[in-house]
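Given next are the chains, with one letter for each unit.
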Amino acid sequence: MELREQLSEVITARVILGAALFVAGIAYRLFDPGALSLQLLITAMVFFAANVPFLYFSRRGHEELVSILMVALDTAIVTAAVIYTGGVLSSAAIFYVWPIISASLLLAPWTPYIVAAFCGLLYVGVWVLQEGNALVNASTITGPEFPKNWFPQTVGIRLAAFLLIALLTAMLGQALVRSNSELRQAKMRTEGQLEQMRLVNEQLRSIEETSQVFVQHHEAVSLMPEALAKLGRLMRISTGFALVYNENTEDFQLAARIGSLTDEQIDKLREAGIVQIRQSGPPHVCSADDGPEVAHLLRTIERGGYSEIILVPLTAKDHHFGLLCFLTSGSERVRPAKLSALGPLSSQLAVALRNIEFTEELARKNEELRHLDELKSDFMATMSHELRTPLTSVIGYSDMILSGVTGELNEKQTQFIESILKNGEHLLNLINDVLDLTKIEAGRLELNREPVDLRSALLGVLPIVKPRAADKRIKISTFLPTDVPPIDADPAKFNQILLNLLTNAIKYTHENGSVSVEARPKEGFIEIWVTDTGIGISQEDIDTIFQRFTQIDSSASRSQGGTGLGLAITKELVDLHGGEIKVVSKLGKGSSFVFTMPISQEPADHLAAGKIS
Amino acid sequence: MAKTIVVADDDPDILSIVSMSLETQGYTVHKATNGREAVDLTKQYRPDLIIMDMMMPIMSGYEAVQELKADDGTKSIPIVGLSAKAMATDMERATDVGIDGYITKPFRIAQVLSVIEGYL
């Protein structure tokens, strides 16, 4: 609380007290119209009358003077009370504490001691006057008669006690005032800190809000106008422009502007090298200290009615992405606090620009990859076509010669031509498998899913593999539960999976061995086991078995007509259906290929099964 | 009377394989080396079936099929495509222009014979 308010409160209280005393004086006089009641009345009147002008002056800014007068008045009134209530022996002397406390509250820290000393002097004065019988009426009014020699001792003790109390009171008042002012300072400090925190908070929120706006943009073309406008509003500057580095032209290009700057003005600033003044660091207010060119630039803009140039370099990870340039005019002076708030925002903006650049580069790379992928697919399609034509002659002529159209063949000729035909077909299978795999990898293979009945599918596939199994006297058996639900699959692709696995099983199984197909439902899927009693797969081979061109014994398998792509394609097809495939095997005992297919929610159409691509 | 078949292919080897195989089976064969010749031979001989390569010079198989299927006199003659174009999209394209059957190269002679018997 300020001295003025404190004083005015004290004086108001005193005026009220004076009025109350006055009323009490009148009441007392009605009961006892003696001399004392008149004195009380007069004192109350004086007290009241003296405080009213205090109130007036204290409100006009004479706090010091009013305080001194008030202390003086109180001292005088107490002294009068002392004189009129028995002089040195009067209990009213205790009221000297009053002006001392007032002084300690309202005046300089040393004044209570002066006031205390002064009160002491007055008291001694009263004593001296009383001794000299100067205060005639005082001695006659009150006080018992004391033996002459007792008197100085009593007064001495009183004076000492009085001075001690006055001193302690003054010290107490001082301490009160001091702790009060310390409290006030602490309060002010806290308020200052709170204000600071509020400002920081506000800054953070505005940074967050703004940066959220920044990251919503995917192109510099849309980001920069909004960013420039937002930052302009934040700083209360209405004129400015944004330059962004363009990788293609290797130059800074105008990306946005606010206010009434013309292209010509902006070009002039750019020609003067505005980009070179600050390429990194915090926002910067240009001054003549930046060099003669800048000093010249400042003079130039002054002619256009502007007073300051504020440069905000946009830098992220040592890369200069662009520059914001604000021009202030007249009243638009920017406070340093605002300018420093701009720092983090400009960093955010630079990061947003960097992200945009990354995204664009990613999109470019993606497009390149897509194009390469297309080229690869086109190449595969062309290669497939170009290989097929000569292969047609190889297979066609071999076929014709073997059919006997060109005359009888001897045993060796038949054997050789059959070998040409078989190898031609092997080459064809290889082309088909590579084409399949390329299609799957390019994501071009679309599944035509429908409910597929396992039993019907097996009935379609088994006749194809049975002749080969019969050649090796291999027994094929199937174990399907009677109520096995249909699976959700592309029938042709599912048949391809089954065919691949069965062909493999027969291929690697010795004569008189057996191959089985089992199915059982498992957690929304059907688990299908294709088990053989073949050569088995060693643990280290299991890890690579689904990779391309992996065959356990290529020399042995080549004679069987495998391409080394069958299992890779099978795995891709199972994955495409959302299933999984794995191998359980024991070397020399046999293998089980276990794969899962999702169960269909609809009943199977029996006609759909058995299709082969 | 022997059935008549027009065979069109720009590759002389394939043309000879197909025509020889068919002749051995007792069919009468007329050989064309491009789509234009195939159309002309078809209009001249009114064959019972046409075996058509799709990629040929002067006039492609697609164009030839379109022309023959647009002509009331020839549109009922079944046409079997014989092509090294093995992608699903290639077959779709052939079906779209009105082809009746499709065999991808390379082929086995037995396969060709069984397919054409289905249309005769």
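Above this text is the structure in question.
Residues numbered from 1 in each chain as written. Chains lettered and ligands numbered in written order. Predicted model: local features only at pLDDT ≥ 70, side-chain atom pairs only at ≥ 80, totals over all residues. Heavy atoms only, no water.

Undergrad: Is there a simple way to think about the pattern of salt bridges in this case?
TA: Oppositely charged side chains can form a pair if their charged atoms are brought close together. Counted by the stated rule, this structure contains 25 salt bridges over all chains. Close ionic contact of D251 of chain A with R270 of chain A constitutes a salt bridge, the shortest N to O distance being 4.0 Å. Remark: R270 of chain A occurs in helix α9 (residues 263–271) and D251 of chain A occurs in strand β2 (residues 251–258); sequence separation between them is 19 residues. Taken together, the shared-partner salt bridges connect R36, D40, K43, E67 and D71 of chain B into one network. (Salt bridge = Lys/Arg side-chain N within 4 Å of Asp/Glu carboxyl O. Helix = DSSP H or I, 4+ residues; strand = E, 2+ residues; numbered from the N terminus.)

Undergrad: Explanation requested: the interface of chain B and chain A in the structure shown.
TA: Think of interface size as the accessible area that goes away when the parts come together; that is how it is often given. Across the contact, 20 residues belong to chain B and 17 residues belong to chain A. For the pair chain B and chain A, the summed buried area comes to about 1700 Å², and 68% of that belongs to carbon and sulfur atoms. Considering only the surface of chain B that becomes buried against chain A, M87, P106 and R108 of chain B emerge as the three largest contributors, covering 34% of it. At the junction of chain B and chain A, the tally comes to two salt bridges. One salt bridge in this structure joins E425 of chain A and R108 of chain B, with 3.0 Å as the shortest N-O distance. Our count for the contact surface shared by chain B and chain A stands at six residue pairs in polar contact (both at pLDDT 80 or more). Where the side of chain B that touches chain A is concerned, the elements lending two or more residues are α1 (12–24) and α5 (109–119) of chain B. The element best represented in the side of chain B that touches chain A is α1 of chain B, accounting for seven residues. (Contact = heavy atoms within 4.5 Å. Buried area = accessible area lost by both parts, 1.4 Å probe. Polar contact = N/O pair within 3.5 Å; in protein donor to acceptor, adjacent residues only side chain to side chain.)

Undergrad: I tried to follow the environment of E450 of chain A on my own but got confused; where do I start?
TA: Here E450 of chain A is to be found in strand β6 (residues 450–452). The sequence separation of E450 of chain A and Q601 of chain A amounts to 151 residues, and the corresponding C-alpha distance is 9.8 Å.

Undergrad: What should I look at first to understand the nonpolar core in this one?
TA: All names here are of chain A. Core analysis: the largest hydrophobic core is formed by 45 residues, its most contacted members being L454, F494, L501, L502, I528, F595 and M597. Residues in contact with L502, not counting those within four places in the same chain, are V461, L462, V465, V515, V517 and V530. Counting 30 residues, the second-largest nonpolar core is a separate cluster that includes L223, I237, V334 and L342. (Core = buried A, V, L, I, M, F, W, Y, C linked by side-chain atoms within 4.5 Å. Buried < 20%, exposed > 50% of the residue type's maximum accessible area, 1.4 Å probe, protein only.)

Read these as layout, nothing more, since geometry by itself doesn't imply function.
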